[in-house]
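Chain and residue survey
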Amino acid sequence: MAGRRGALIVLEGVDRAGKSTQCRRLVEALRAGGHRADLLRFPERTTEIGQLISSYLMKKKDLEDHTIHLLFSANRWEHVPLMKEKLHQGITLVVDRYAFSGVAFTSAKELRPEEAAGRGNFGTERYENSSFQEKVLQSFYHLMKDETLNWKTMDASKTIEDLHKEIKSIAEETIQEAQNKPLAELWK
Ligand code: ADP
Ligand code: FDM
Ligand code: MG
């Protein structure tokens with residue numbers, strides 16, 4: 001008989017929303033509560049594809065827009081076998097960005113074809129400027145209309161501690177709900 005599977009919990013949002021902080025806190029808390037949980041992030045910069053992506057983000061390398069989009073996608077696909085294996089083993093995956101960032105960031109780029117990619121100089125990495133991030137946010141709102149995906153919206157202006165409590169409670173509920181459901185396919 002198949003064992004209980006883990007849940008796939010993805011944190012998405014604009015840069016500096018607090019995703020990485022909350023992902024780390026959530027994995028710690030789930031483990032402390034006796035759950036099996038692993039942290040993943042995308043882009044995962046350690047693979048060969050991930051290193052190319054990282055050079056692009058750090059503006060050390062220029063890549064054509066479709067090319068970088070597909071590299072982000074490939075970077076997720078190269079982790080799918082491992083992710084499925086872990087989920088089937090009952091390990092909950094807490095993921096710092098996934099395919100939704102892929103859509104939101106690329107479509108934000110397409111919304112402003114007149115602006116050259118990487119032109120804003122507010123942050124150190126590509127995409128780190130407020131007008132671009134605003135378009136990313138609109139794109140996330142659009143993606144959240146898909147009700148099959150069980151989105152929960154967090155108010156990122158709350159304290160780290162309050163957000164953590166809220167996210168932990170949602171994660172525990174989600175783990176319960178997911179454990180008897182078969183793994184579904186998600187676009188990547
Ligand atoms: P992201 O991964 O979404 O880019 P981080 O988790 O790296 O965001 O957080 C960005 C910065 O904001 C960090 O310095 C972090 O300590 C701080 N931070 C995170 N969450 C909060 C919060 N709820 N309130 C205030 N500062 C926060
Ligand atoms: N990003 C991330 C994309 O443009 N496409 C994707 O598919 C993914 C997963 O990469 F600007 C962007 C989002 C962000 C950057 O930054 C990664 P962090 O700080 O490593 O999350
Ligand atoms: Mg982060």
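See the structure above.
Now for a quick tour of the structure. (Residues numbered from 1 in each chain as written. Chains lettered and ligands numbered in written order. Predicted model: local features only at pLDDT ≥ 70, side-chain atom pairs only at ≥ 80, totals over all residues. Heavy atoms only, no water.)

1. A look at helix H4 (residues 80-88)
Residues separated by three or four positions in an α-helix point in the same direction, a consequence of the helix having 3.6 residues per turn. Inclusion rule: Burial status follows relative accessibility: with a 1.4 Å probe on protein chains alone, a residue under 20% of its type maximum counts as buried, one over 50% as exposed, and anything between as partly exposed. Secondary structure is summarised from DSSP: a helix means a run of H or I of at least four residues, a strand means a run of E of at least two, and numbering begins at the N terminus for each. Here the arc refers to the directions that run from the helix axis out to each C-beta atom. Note on definitions: a residue-residue contact is assigned when non-hydrogen atoms from the two residues lie within 4.5 Å.
Within H4, the full set of buried residues consists of Val80, Met83, Lys86 and Leu87. Summarising the axial view, the buried residues of H4 lie within an arc of 130°, below the 170-degree limit, and thus occupy one face. In this structure, H4 carries Pro81 and His88 as exposed residues pointing more than 90 degrees from its buried face. Buried-residue contacts for H4 involve strand S1 (8-11), strand S2 (37-41), helix H3 (65-77) and strand S3 (92-96). Gly90 occupies a position one or two residues after H4 and carries a positive phi of about 95°.

2. A short note on the site of ligand 1
Our working rule: Consider each residue's heavy atoms; a residue with any of them within 4 Å of a molecule or strand counts as near. Two N or O atoms count as a polar contact when they lie within 3.5 Å, although within protein this holds only if one can serve as hydrogen donor and the other as acceptor, and sequence-adjacent residues are included solely when both atoms are side-chain atoms. Only the protein chains shown count as cover for residues, with accessible areas throughout obtained via the Shrake-Rupley method and a probe of 1.4 Å.
In the vicinity of ligand 1 lie 13 residues, with Arg16, Lys19, Ser20, Thr21 and Lys158 positioned nearest. In this structure, Ser20 approaches ligand 1 through a side-chain N or O atom, which is 2.8 Å from an oxygen atom. One of the backbone N or O atoms of Ile160 is found 3.4 Å from a nitrogen atom in ligand 1. Protein burial of ligand 1: of its 560 Å² of free accessible surface, 61% is covered by the chains. Elements represented by at least two residues in the shell around ligand 1 include exactly helix H1 (19-32) and helix H7 (160-178). Looking at which element gives the most residues to the shell around ligand 1, the answer is H1, with 3 residues.

3. Considering H1
Put simply, the test is: A helix is expected to reach a length of 1.5 Å times the quantity of its residues less one.
Relative to the 20 Å expected for 14 residues at 1.5 Å per residue, H1 spans 20 Å between its end C-alpha atoms, a close match to the ideal helical length. Each element contacted by the buried residues of H1 is listed here: S1, S2, S3 and H7. One or two steps after H1, the chain reaches Gly34, where phi turns positive at roughly 90°.

4. Re the site of ligand 2
For clarity, the cut-off: Amino acid classes used here: Ala, Val, Leu, Ile, Met, Phe, Trp, Tyr, Cys and Pro are nonpolar; Asp, Glu, Lys and Arg are charged; the rest, including Gly, are polar.
Taken together, 13 residues form the shell around ligand 2, and within it Arg45, Arg76, Arg97, Gly102 and Phe105 come nearest. Separating an oxygen atom of ligand 2 from a side-chain N or O atom of Arg45 is a distance of 3.1 Å. With respect to ligand 2, the backbone of Gly102 contributes an N or O atom lying 3.3 Å from an oxygen atom. Within the complex, 87% of the 480 Å² of free accessible area of ligand 2 lies under protein. Secondary structure elements with two or more residues in the shell around ligand 2: H3 and helix H5 (99-110). The element best represented in the shell around ligand 2 is H5, accounting for 3 residues. Across the shell around ligand 2, the residue classes break down as 7 nonpolar, 2 polar and 4 charged.

5. A short note on the nonpolar core
Heads up, the rule is: Definition of nonpolar core: a set of buried residues of the types Ala, Val, Leu, Ile, Met, Phe, Trp, Tyr and Cys, connected through side-chain atoms within 4.5 Å.
In this structure, Met83, Leu93, Val95, Tyr98, Tyr127 and Val136 are the most contacted members of the largest nonpolar core, which totals 26 residues. For this core, the secondary-structure elements that each account for two or more residues are helix H2 (48-57), H3, H4, S3, H5 and helix H6 (130-143). When residues of this core are assigned to their parent elements, the largest contribution, 5 residues, is made by H5. In contact with Val136, not counting residues within four places along its chain, are Val14, Ala104, Phe105 and Ala108. Membership of the second largest hydrophobic core comes to 13 residues, among which are Ile9, Leu30, Ile167 and Ala178.

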